Amino acid sequence: MTDKLRFALVGCGSQGRYLSEALALTGQAELVACCDINADAARQTVDRWGYARAYTDTERMLAEADPDAVIVATIHDQLQPCGLTVVNAGKHLFIEKPMALNAADGRVLVEAARSSGVKVMVGYTLPFLPTRVRLKQLIDEGVVGEIVHVTAGQLIGPIDGWLAQPDHGGGPLFYIGTHVIWQVLDLVPHRAKRVFAEVEWTATGVDKACLFSVCFENGLVAQISVSQKIGGRYGWLDVLGSAGRLRSEWESNEIFVQSTAVDAYRDPTTILVPNDATGPVIEHGQMASPTGFGYVRSWAAEFAEFISAIHEDRDPAVTGEDGLRVLEITDAVFNSGRTGQVVDL
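As the structure is a computational prediction, the values presented were derived from the model and not from experiment.

Participant: Account for the packing of helix α7 (residues 172–187) against helix α9 (residues 320–339), naming residues and giving values.
Facilitator: Interhelical geometry of α7 versus α9 gives an angle of 120° and a closest axis separation of 10 Å. Compared by their axis directions, α7 and α9 come out oblique. When you trace α7 past α9, the crossing you get is right-handed. Residues Leu173, Phe174, Thr178, Ile181, Trp182 and Leu185 of α7 form the contact with α9, whose own contacting residues are Asp322, Arg325, Val326, Leu327, Ile329, Thr330, Val333 and Phe334.

Structure follows, in structure tokens:
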């Protein structure tokens, strides 16, 4: 595969710049244009990341630069409108999570992409982290047997700015919680059928903490915690099965495993997964920003998957339909949190 795809970027804030770094590291993309309503941000992105031209109007950029694919990395409430503009122009779309603020808007985007015949990939990063890649391999190898229970969480400290405003899609459920919801859906091979949630709200009207259960059609229950109330950053994923258990913690290189099905793990075992176990090989001095040390390989692995899906005319690992499944659960969490009732999906 030698043909480079022509990529454009909508949203030249911090996440757009980080993703540009990761895309460049794949060596499979030509950066043809970037767009932001802030002209200075767009020009700075051109200067720093090597896009050919800066724009402040998305439709004009799509018409003049004619990219093959577009990254949309705006604030949450602008993701779906910008993504809709991209797919209606017939361009493949890599869109940051949560893709939309509700399932109805997400469905509109997915259906528009189907009509245009373009690929959509949603930027859920956790399954591309080296530890989570190895964890899924262990599950596929039968270490836990049949999965019977999952607990997971993503917890951070207080958030502010647009992330504290409901109109912009603020709150930790959209910001970090959607990541862990997709991680659970990616591991459980059954359809989610109902949700029950306890939600604590901030004075501005976004969620402060969400504690909820997701029941699947086979009876498996996943328990998920999302919060902006702790003094730091912490996340975890526990997978419990008929033959053992696995645990991975966010931003840790370790996986805990114990299994009655695999002799190597009959005793409690900690597996150390190197940061460079997956993703592109990065030479010393090649890093463009400190952020890259933590996540650039995983973001680059996402883009390599997206580019391969386009070249091979197949669905990427995380589709628009997958993003829609997450939004159906976030809708249900908010609904249940307001009404105190179980919500069927």
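Participant: Would you mind going over helix α1 (residues 14–26) in detail, with residue names and values included?
Facilitator: Spanning 13 residues, α1 covers 19 Å between terminal C-alpha atoms, matching the ideal 18 Å at 1.5 Å per step. Gly27, located one to two residues past α1, shows a positive phi value of around 70°.

Participant: Help me get a handle on the pattern of salt bridges, residues and values and all.
Facilitator: Tallied over the entire structure, the rule returns 20 salt bridges. Its salt-bridge partner being Lys119, residue Asp313 comes within 3.0 Å of it at the nearest N-O pair. Residue Asp313 is located in the loop between α8 (292–312) and α9, and its partner Lys119 is located in the loop between α5 (103–116) and β6 (120–123); the two are separated by 194 residues in the primary sequence. The exposure class assigned to Lys119 is buried, which follows from its relative accessible area of 13%. A salt bridge links Glu251 to Arg233; its shortest N-O distance comes to 2.6 Å. Note that Glu251 is positioned in the loop between β12 (244–249) and β13 (254–259) and Arg233 in the loop between β10 (221–227) and β11 (234–241), a separation of 18 residues in sequence. Through salt bridges with shared partners, one network takes in Arg53, Arg60 and Glu64.

Participant: Describe in detail the environment of Ala100, supporting the description with residues and values.
Facilitator: Position of Ala100 relative to the elements: it lies in the loop between β5 (92–96) and α5. The exposure class of Ala100 is buried, given its relative accessible area of 1%. Along the chain, Ala100 and Glu111 lie 11 residues apart, while their C-alpha atoms are 13 Å from each other. Ignoring anything within four residues of it in the chain, the contact list for Ala100 reads Gln80, Asp105, Gly106, Phe174 and Leu327.

Participant: Requested: an account of the sheet that holds β11, with residues and values cited.
Facilitator: Pairing is mixed in the open sheet, where nine strands are placed in the order β14-β13-β12-β11-β7-β10-β9-β8-β15. Both edges of this open sheet fall to β14 (269–272) and β15 (343–344), since each of them pairs with a single strand only. Here α7 sits on the sheet and contacts β7 (147–155), β9 (207–216), β10 and β11; the angle it forms with β10, its principal contact strand, is near 160°. Relative to strand β8 (residues 192–201), α9 is tilted by about 55°, and along the sheet it contacts β8, β9 and β15.

Participant: Pulling in residues and values, what's your account of the nonpolar core?
Facilitator: With 112 residues, the main nonpolar core has Phe7, Phe212 and Leu246 as its most contacted residues. Excluding its chain neighbours within four sequence positions, the residues that come into contact with Leu246 are Leu135, Leu138, Ile139, Val143, Val144, Leu237, Asp238, Val239, Ile255, Phe256 and Val257.

Participant: Provide a residue-level description of the sheet that holds β5, including the pertinent values.
Facilitator: In space, the six strands of this open sheet follow the order β3-β2-β1-β4-β5-β6, with parallel pairing throughout. Strands with a single pairing partner mark the edges of an open sheet, and in this sheet they are β3 (54–55) and β6. Sheet topology note: the strand β1 (residues 5–10)/strand β2 (residues 29–35) ladder contains six bridges and is parallel. Within β2, the residue paired with Leu9 across the bridge is Cys34. Sitting on the sheet, helix α4 (residues 76–88) is in contact with β1, β4 (69–72), β5 and β6, with an inclination near 170° to β5.

Participant: Lay out the packing of α4 against α5 with the relevant residues and their values.
Facilitator: In contact at an axis separation of 9 Å, α4 and α5 are set at 10° when each is read in the N-to-C sense. The orientation of α4 relative to α5 falls into the category roughly parallel. Touching Gln80, Gly83, Leu84, Val87 and Asn88 of α4 are Asp105, Val108, Leu109, Ala112, Ala113 and Ser116, all from α5.

Participant: Explain the pairing of β11 to me, and be specific about the residues and the numbers.
Facilitator: Side-chain direction in a regular strand flips from residue to residue, so the side chains alternate between the two faces of the sheet. Burial of β11 is extensive: six of the eight residues sit out of reach of the surface. Pairing geometry for β7 and β11, over eight bridges, is antiparallel. Across the sheet, the residue bridging to Gln154 is Gly235, located in β11. For β11 and β12, the ladder comprises six bridges, and the chain directions are antiparallel. Bridge assignment links Asp238 to a residue of β12, and that residue is Arg247.

Thresholds, definitions, all that
Position numbers for residues count from 1 along each chain, tracking the sequence in the order it is written. At least 70 in pLDDT is required for a residue's local features to be given in this predicted model, at least 80 for side-chain atom pairs to be given and counted, and no such filter applies to totals for whole chains, interfaces and linings, which use all residues. For side-chain calculations, the full set of non-hydrogen atoms in the structure is used, while hydrogens and water are omitted. Throughout, an axis means a line fitted to C-alpha atoms (over the contacting stretch in the case of helices), and angles, computed between N-to-C directions, take values from 0 to 180 degrees. Helix numbering and strand numbering both begin at the N terminus, where a helix is a DSSP run of H or I of at least 4 residues and a strand a DSSP run of E of at least 2. The labels follow the angle: roughly parallel below 35 degrees, roughly antiparallel above 145, roughly perpendicular from 65 to 115, and oblique for the rest. Handedness of a crossing follows from how the near helix is turned relative to the far one, being left-handed for an anticlockwise turn of less than a right angle and right-handed for a clockwise one. Whether two residues are in contact is decided by their heavy atoms: any pair within 4.5 Å suffices. Here the expected span of a helix is defined as 1.5 Å times the quantity of residues minus one. When a carboxyl oxygen of Asp or Glu lies within 4 Å of a side-chain nitrogen of Lys or Arg, that pair is called a salt bridge. When accessible area is computed with a 1.4 Å probe and restricted to protein chains, residues below 20% of their type maximum are described as buried, those above 50% as exposed, and intermediate ones as partly exposed. Only strands joined by at least two bridges in the DSSP assignment are considered to pair. Side-chain atoms within 4.5 Å link the members of a nonpolar core, which is a set of buried Ala, Val, Leu, Ile, Met, Phe, Trp, Tyr and Cys residues.

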